[in-house]
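Each chain, letter by letter, is given below.
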Amino acid sequence: MRIYNLLAVFILSLTLLACSNGKDLSKSFKLTLNKAENSLKNGDQVSISLKSKGEIPIDSVIYKLDGAVLGTKTDLSPLEIAFDVTKLGAKNLSAQVYAEGKQATLNSKLTFLASETPTLYTYEIVNTYPHDKSSYTQGLEFHDNILYESVGEYGESGLLKTELETGKILERKDLEKKYFAEGLTVINNQLVQLTWRENVGFVYDLNSFEKTDTFNYGKSKEGWGLCNDGQVIYKSDGTEKIWLLDPETFAEQEYIQVVDSKKLRSKYNELEWVDGKIYANSYQFDSISIINPTSGAIEGVVDLRPLKKEISSITDADNEVLNGIAYNAATKQLYVTGKHWDKLFEIRLIKK
């Protein structure tokens, strides 16, 4: 019995020693940069340092950014590097340090911002069309001279086919009351529609309006906006992330993060693909952000706040906001509307 007790004490001592040693090593160094970690720009020349809090000699340290190796040092001299990142936003910097036969990893959060401030745009109204004010617009698409619209709110959600010139609803498909409809896009002769918090998307045949498939979300938080470039579907989820989906399986493959020259941005509630860029409404802000789909940088902002003066149907200014962007790629015509708005506008952008 005494032998077992001694063995148990010995094993416990080794375990505590190992935990203590690992903890001591990770607390013996500090990972630092010579620039602010939350406002880095692509191309910045920085010094990354591992500062020792004692006199512990190291064998080596491997620096990584989101798992990709930046460089290796065998002493505590700074790693000098010019960052070259394709996708902007939040990233993890790690230092994997080896010393005295032990290993520890230190982490630091970095944020890469856009190097240029967004170009500012205003607009002019080209044409005005009627819009059904009962529609809580969540997604808007122009395809073969027909407007398709996803309308939200629990108990009121649906998919609409609408005549542009008259605003007449040609066809409507209602969703079950448990669903709050969100973004919409047209790809491969299919209508793809999101729901908000129900973690499910619906696929419809473009011609028959019949539901042909459903899909579940992956790591994205919720369903907000949708658009596509013909090869990839882009999906926003209320956070700073826009997810890239496979157009066949609708599986989330990767994401970009939306940033301007000051900070990460979020709440993109409606997306549209326009000449190689993502045009996005931000919820409760009557504007359009023009987003680079590769880097996530906001390259332009369109101020559309005066449009509300043209709307007579607004009763709740906080919720009945601009939301709905449709683009006719063949004619370069851009259309916008809002939640419960009684008008839809064709607009032309003007650089300020």
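None of these values were measured; they are calculated from a predicted model.

A. Spotlight on the overall build of the protein chain. The helix and strand tally for the protein chain stands at 1 helix and 28 strands. Expressed as a percentage of the 352 residues in the protein chain, the buried residues total 50%. Partitioning the intrachain contacts of the protein chain with sequence separation of at least 6 by distance along the chain shows that 53% fall at a separation of at least 24. Summing over all exposed atoms, the protein chain offers an accessible surface of approximately 17000 Å²; the carbon and sulfur share of this is 49%. In the protein chain, which carries 41 positive and 49 negative side-chain charges, the distance between the mean positions of the two groups comes to 8 Å.

B. Structural context of the sheet that holds strand β18 (residues 226–228). Spatially, β18-β19-β20-β21 is the arrangement adopted by the 4 strands of the open sheet, whose pairing is antiparallel. A strand with exactly one partner marks an edge of an open sheet, and here the two such strands are β18 and β21 (252–257). Each adjacent strand pair in this sheet contributes to an overall mean axis angle of 25°, direction not counted. Direction of pairing for strand β19 (residues 233–236) relative to strand β20 (residues 241–245): antiparallel, over a ladder of 4 bridges. Bridge pairing links I233 to L245 in β20.

C. Highlighting the pairing of strand β17 (residues 211–216). Looking at chain direction, strand β16 (residues 200–205) and β17 are connected through 5 bridges and run antiparallel. Paired with Y204 across the two strands is K211, which belongs to β17. Counted between consecutive antiparallel strands, the loop separating β16 from β17 contains 5 residues, among which F209 sits at a positive phi close to 70°.

D. Highlighting the sheet that holds β16. Pairing in this open sheet of 4 strands is antiparallel, and the strands run β14-β15-β16-β17 from one edge to the other. The sheet terminates laterally at β14 (181–187) and β17, the two strands that pair on one side only. In this sheet, adjacent strand axes meet at a mean angle of 20° when their direction is disregarded.

E. Spotlight on the confidence of the model for the protein chain. Considering every residue of the protein chain, the mean pLDDT works out to 90; 93% of them sit at 70 or more. Residue range residues 1–23 is modelled with pLDDT below 50. Its contacts to residues more than four positions away, or to other chains, number 1 contact.

F. Structural view of the environment of R348. Considering the arrangement of structural elements, one finds R348 in strand β28 (residues 343–351). It is 7.8 Å that separates the C-alpha atoms of R348 and Q333, two residues lying 15 residues apart in sequence. Contact partners of R348, with chain neighbours within four places excluded, come to T122, Y123, E124 and V126. A polar atom in the side chain of R348 sits 2.2 Å from the side chain of E124.

G. How the structure looks around empty space enclosed by the protein. Under the defined criterion, the tally for this structure stands at 1 cavity of 30 Å³ or more. Put simply, the largest cavity is a space of about 40 Å³. In this structure, the largest cavity is lined by Y129, P130, H131, L147, T162, E163, L164, G167 and L344.

Thresholds applied
Residues numbered from 1 in each chain as written. Predicted model: local features only at pLDDT ≥ 70, side-chain atom pairs only at ≥ 80, totals over all residues. Heavy atoms only, no water. Helix = DSSP H or I, 4+ residues; strand = E, 2+ residues; numbered from the N terminus. Buried < 20%, exposed > 50% of the residue type's maximum accessible area, 1.4 Å probe, protein only. Contact = heavy atoms within 4.5 Å. Areas by Shrake-Rupley, 256 points an atom, 1.4 Å probe, with all protein chains shown as cover. Lys, Arg positive; Asp, Glu negative; His and termini not counted. Charge placed at Lys NZ, Arg CZ, Asp CG, Glu CD. Pairing = 2+ DSSP bridges. Axes fitted to C-alpha atoms, helices over the stretch in contact; angles between N-to-C directions. pLDDT = per-residue confidence, 0-100. Polar contact = N/O pair within 3.5 Å; in protein donor to acceptor, adjacent residues only side chain to side chain. 1 Å grid on protein atoms, 1.4 Å probe; cavity = no way out; pocket = protein on both sides within 12 Å on 5 of 7 lines; lining within 4 Å. Points joined across faces, edges and corners; volume = space filled by probe spheres on them.

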